[in-house]
Amino acid sequence: MHQLLPDLVKDLLHWLLNYLKARNVKDQFDNRFTLVPQYPGLQRFSKQFNSMKSSSCQGKEIRGMIRTLAVNCTPILDCSRDDGKTPAETASDEMVMGAVRALCEFSLLVSQQNHSDLSLTALDDALKQFYKKKGAF
């Protein structure tokens, strides 16, 4: 688990950056990424998302990114709004958000100190959901 999560997150961040560029919403995401308000337990980032080299990110930065990732993505990739997206774009956005949510859930669950059968099942479900949805990238 020690190396699995950082590698999954780094891959997700790389795929997400490319996806946001292709959808022409990367600037919106960068703005949201740097404007996260101060809150206990949330890390603030002064640099734009793409200027942070994921290869040099340490565990603390990766955990900070994953804690705010779904919150930053949701308004941009919101599929409930009718903002002129094609059905294919809407379906793709839903898959991307599903992958982001699943990996965020997996990250939070894996950081628990103790695990039960229920938490291990939830971990397995989150990882399966991530692998099912990652094809959108």
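Keep in mind the model is a prediction, meaning the values are calculated, not measured.

Rules used in this analysis
- Residues numbered from 1 in each chain as written.
- Predicted model: local features only at pLDDT ≥ 70, side-chain atom pairs only at ≥ 80, totals over all residues.
- Heavy atoms only, no water.
- Helix = DSSP H or I, 4+ residues; strand = E, 2+ residues; numbered from the N terminus.
- Buried < 20%, exposed > 50% of the residue type's maximum accessible area, 1.4 Å probe, protein only.
- Contact = heavy atoms within 4.5 Å.
- pLDDT = per-residue confidence, 0-100.
- Salt bridge = Lys/Arg side-chain N within 4 Å of Asp/Glu carboxyl O.

### What about the overall build of the protein?
Broken down by element type, the protein carries five helices and zero strands. Along the protein, helices and strands appear, N-terminal first, in the series α-α-α-α-α. Within the protein, the proportion of its 137 residues that are buried is 39%. Within the protein, contacts between residues separated by at least 24 positions form 62% of all contacts whose residues are at least 6 apart in sequence.

### Side note on the confidence of the model for the protein
On average, residues of the protein score 82 in pLDDT, and 85% of them reach the 70 mark or higher. Confidence scores differ between elements of the protein, with helix H3 (residues 59-73) showing the lowest mean pLDDT of 79 and helix H5 (residues 117-133) the highest of 93.

### Topic: unusual backbone geometry
Positive phi is not limited to glycine here, since Asn24 has a value of about 60°. Summarising the element assignment, Asn24 is placed in the loop between helix H1 (4-22) and helix H2 (26-34).

### Here we look at the pattern of salt bridges
Throughout the structure, instances matching the rule amount to six salt bridges. For Asp30, the salt bridge is made with Lys26, and the minimal N-O distance between the two is 2.5 Å. Separated by four residues within a single helix, Asp30 and Lys26 lie in helix H2, roughly one turn from each other. As far as burial versus exposure is concerned, Asp30 and Lys26 are alike and both buried.

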